Every structure is written in C-alpha cells, then in structure tokens.
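# Structural overview
Below are the chains, spelled out letter by letter.
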Amino acid sequence: MPGFPPPALGLVPLLLLVLLGGPALAWRAPTRAARAGMWTVLVLGAWGVERLTAELTAARRRVDQLARAYQDLEKDREEFKQRLTRERERMLDVERGKVATQLLEAVDELDLCLSMSGPDESSGLAKGVKLIRDGLLARLQQAGVERLQLVGQPYDPNTAEATDMELTPHPEEDQRVVSEARAGYRFKDRIIRPARVKVAKYVAPAQA
C-alpha cells in the first residue's frame with residue numbers, strides 16, 4: 001500500500017527478517033510482500049505473547065491453589081496433632097483418676113482402722129496407721145487430687161450423693177450439706193469420687 005508507514009519492528013520480528021531476508025531486507029524500506037510478512041510475524045508474535053501470558057496466568061493461579069492446599073493440609077495436620085495430644089492427656093488423666101480412686105479407698109480403710117482403735121490414738125499402731133494415711137493423702141494432693149469442701153454449701157448432685165436428710169426449722173439452711181459420711185474428691189476438672197452427705201430440709205416449726 002503506497003504511503004503506508006512501515007511498522008516499528010520489535011526485536012523478534014527483526015531477527016526473523018534477518019534470518020529470512022538477510023540484513024539488507026531488515027534495514028531497507030519493506031516491499032508490499034515484506035510488509036505482509038512483517039505483519040504476519042507481528043500477529044503471530046502477539047498471539048504467542050498472549051498465549052504465553054495466559055499460560056503464565058494459569059500457572060500462577062495453579063501455584064496459588066497448590067499453596068493454599070498445602071497451607072490447609074498443614075493446618076489440618078497441626079489440628080490433628082493437637083487433638084491427638086489432648087486425647088492422650090485425657091486418657092492419661094482417666095487412668096490417673098482410677099489409680100487415685102483406689103488409693104482413696106485405701107485411705108478410707110485406714111480411717112476405719114483409726115475409728116475402731118477408739119479415742120486413744122497414742123498407741124504405736126494408731127500412730128503408724130495415721131502416718132501412712134497422711135502420707136497417702138499428701139501424695140494424692142501433690143498429684144493434683146483435691147478434697148471437696150461441701151459442708152455448709154448448697155447440695156449439688158454432681159459432686160455428692162445425698163444418703164441422709166436432716167430436718168431444720170431455718171429456711172436458709174434448706175438443701176445445704178450438713179455433714180459428710182464420706183469425703184469427695186476431684187482430679188483437675190473431673191469428680192473422681194462423689195461425696196456422701198447429709199442434706200438439710202426445711203420444715204416450718206408448726207409442721208415439725
């Protein structure tokens with residue numbers, strides 16, 4: 001086309017022209033055929049750039065997806081590890097609670113021995129039994145076992161069993177623990193042995 005300005009050649013089309021037509025073709029004013037060839041090269045080059053750009057965008061998107069999937073996998077793995085650790089600790093606490101319960105039964109038997117020995121606790125046998133009992137209780141406390149303090153507190157069936165009832169004319173004492181027949185204990189946040197208690201029940205004086 002007469003008067004058609006020659007297009008600005010990029011590096012890739014220029015190199016192709018040099019290879020196809022020689023240096024002279026690359027630097028002189030292009031003919032119609034040369035201009036057509038250059039436009040073809042430019043179109044193909046632009047199409048190739050768009051294709052490479054699309055492939056690069058898709059590759060980046062895929063990398064982002066893989067990175068997010070890897071992060072989710074790491075998060076799931078860490079959460080599973082934490083759940084496994086918590087479950088292991090829970091099972092260990094259950095077993096520790098069972099052992100503590102057995103030791104508490106031994107303490108109850110020692111208390112029974114002391115109660116059967118009578119008011120005189122100065123004998124060597126009574127002192128020895130009391131020493132063993134106190135030692136067991138000290139070790140249980142060091143392990144995290146706590147005795148429930150329930151006397152005077154409102155009765156809670158989650159921490160104690162009501163084995164007896166005592167009538168009271170005072171309404172403020174209704175449903176409160178009067179005494180313990182057997183001490184209750186907790187290990188951490190779990191009741192390992194509920195107490196056995198006597199609970200007060202309010203009765204109006206005229207009905208007593």
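Starting from 1, residues in each chain are numbered consecutively following that chain's sequence as written. Residue-level local features of this predicted model are given only where pLDDT is at least 70; pairs of side-chain atoms are given and counted only at 80 or more, and the full residue set underlies all totals for whole chains, interfaces and linings. Working from all heavy atoms in the structure, the side-chain values ignore hydrogens and water.

### Focus: the overall build of the chain
Definition in use: Strands here mean DSSP runs of E at least two residues long; helices mean DSSP runs of H or I at least four residues long; both are numbered from the N terminus. Relative accessibility thresholds used throughout: buried, under 20% of the residue-type maximum; exposed, over 50%; partly exposed, between the two (1.4 Å probe, protein chains only). Throughout, a contact is declared for two residues whenever any of their heavy atoms are within 4.5 Å. Only the protein chains shown count as cover for residues, with accessible areas throughout obtained via the Shrake-Rupley method and a probe of 1.4 Å.
The number of helices and strands found in the chain is three helices and six strands. By the burial criterion, 21% of the 208 residues in the chain qualify as buried. Considering only residue pairs separated by 6 or more positions, the chain has 64% of its internal contacts joining residues 24 or more positions apart. Here the chain displays about 15,200 Å² of accessible surface, and carbon together with sulfur accounts for 60% of that area.

### Let's talk about the side chain of Asp 93
Note the cut-off: Polar contact criterion, stated in full: a pair of N or O atoms within 3.5 Å, where within protein one must be able to donate a hydrogen and the other to accept it, and residues adjacent in sequence count only if both atoms are side-chain atoms.
Mapping Asp 93 onto the fold places it in helix H2 (residues 32–116). Polar contacts involving the side chain of Asp 93 include one to the side chain of Lys 188, which spans 3.2 Å. Those residues in contact with Asp 93 that lie beyond four places of it in its chain are Phe 187, Lys 188 and Arg 190.

### Topic: the pattern of salt bridges
The test is simple: Salt bridges are identified by distance alone: a Lys or Arg side-chain nitrogen within 4 Å of an Asp or Glu carboxyl oxygen.
Per the counting criterion, the structure on display carries 14 salt bridges. Lys 130 is the partner of Asp 134 in a salt bridge, and the nearest nitrogen-oxygen pair spans 3.0 Å. In this pair, Asp 134 and Lys 130 both sit in helix H3 (residues 124–142), four residues apart, roughly one turn of the helix. Accessibility expressed as a relative area gives 31% for Asp 134, which makes it partly exposed. You can call Lys 130 partly exposed: its relative accessible area is 36%. Among the charged side chains, a network of salt bridges with common partners joins Asp 111, Lys 130, Arg 133 and Asp 134.

### Regarding the side chain of Arg 182
Put simply, the test is: Charged residues are defined narrowly, with Lys and Arg counted positive, Asp and Glu counted negative, and His plus the chain ends left uncounted.
As for its placement among the helices and strands, Arg 182 is situated in strand S3 (residues 177–182). For the buried Arg 182, no salt bridge is present, and the opposite-charge side chain at shortest range is Glu 161, 5.0 Å distant. In this structure the side chain of Arg 182 is engaged in a polar contact, spanning 2.8 Å, whose partner is the backbone oxygen of Pro 194. What Arg 182 contacts, discounting residues up to four positions off in sequence, is Asp 108, Arg 193, Pro 194, Ala 195 and Arg 196.

### Concerning the sheet that holds S3
Spelled out, the test is: Two strands qualify as a pair provided that DSSP identifies no fewer than 2 bridges between them. Angles run from 0 to 180 degrees between N-to-C directions of axes, and those axes are lines fitted to C-alpha atoms, restricted for helices to the stretch in contact.
Within the open sheet, the three strands sit side by side as S2-S6-S3. Their pairing is mixed. Only two strands of the sheet have a single partner each, and these edge strands are strand S2 (160–168) and S3. Mean inter-strand twist for the sheet, computed between neighbouring axes without regard to direction, equals 25°. Examined bridge by bridge, S2 and strand S6 (residues 195–202) share eight bridges and lie parallel to one another. Note that in S6 the partner of Leu 167 across the bridge is Lys 201.

### Some thoughts on the pairing of strand S5 (residues 190–193)
Summarising the sheet, strand S4 (residues 185–187) and S5 pair through three bridges and their orientation is antiparallel. If you follow Phe 187 over to S5, its bridge partner there is Arg 190. The turn joining S4 and S5, which pair antiparallel and follow one another in sequence, is formed by two residues; a positive phi near 60° is taken by Lys 188.

### Description of the sheet that holds S5
As a general point, the strands of a sheet are linked pairwise by backbone hydrogen bonds and lie either parallel or antiparallel. One open sheet accounts for three strands, arranged S1-S4-S5; its pairing is antiparallel. Both edges of this open sheet fall to strand S1 (145–147) and S5, since each of them pairs with a single strand only. With strand direction ignored, the average angle separating the axes of adjacent strands in the sheet is 35°.

### So, H3
Each full turn of the α-helix corresponds to 3.6 residues, which orients residues three or four apart in the same direction. What counts here: A helix is expected to reach a length of 1.5 Å times the quantity of its residues less one. Within this analysis, the arc is defined by the directions that extend from the helix axis to the C-beta atoms.
For H3, spanning 19 residues, the distance from its first C-alpha to its last is 27 Å, which sits close to the expected 27 Å at 1.5 Å a residue. For H3, every residue scored as buried is listed here: Ala 126, Val 129, Arg 133, Leu 137 and Leu 140. Down the axis of H3, the buried set is contained in an arc of 70°. They therefore lie on one face. Turned more than 90 degrees away from the buried face of H3 sit Gly 124, Lys 127, Leu 131, Arg 139 and Gln 142, all of them exposed.

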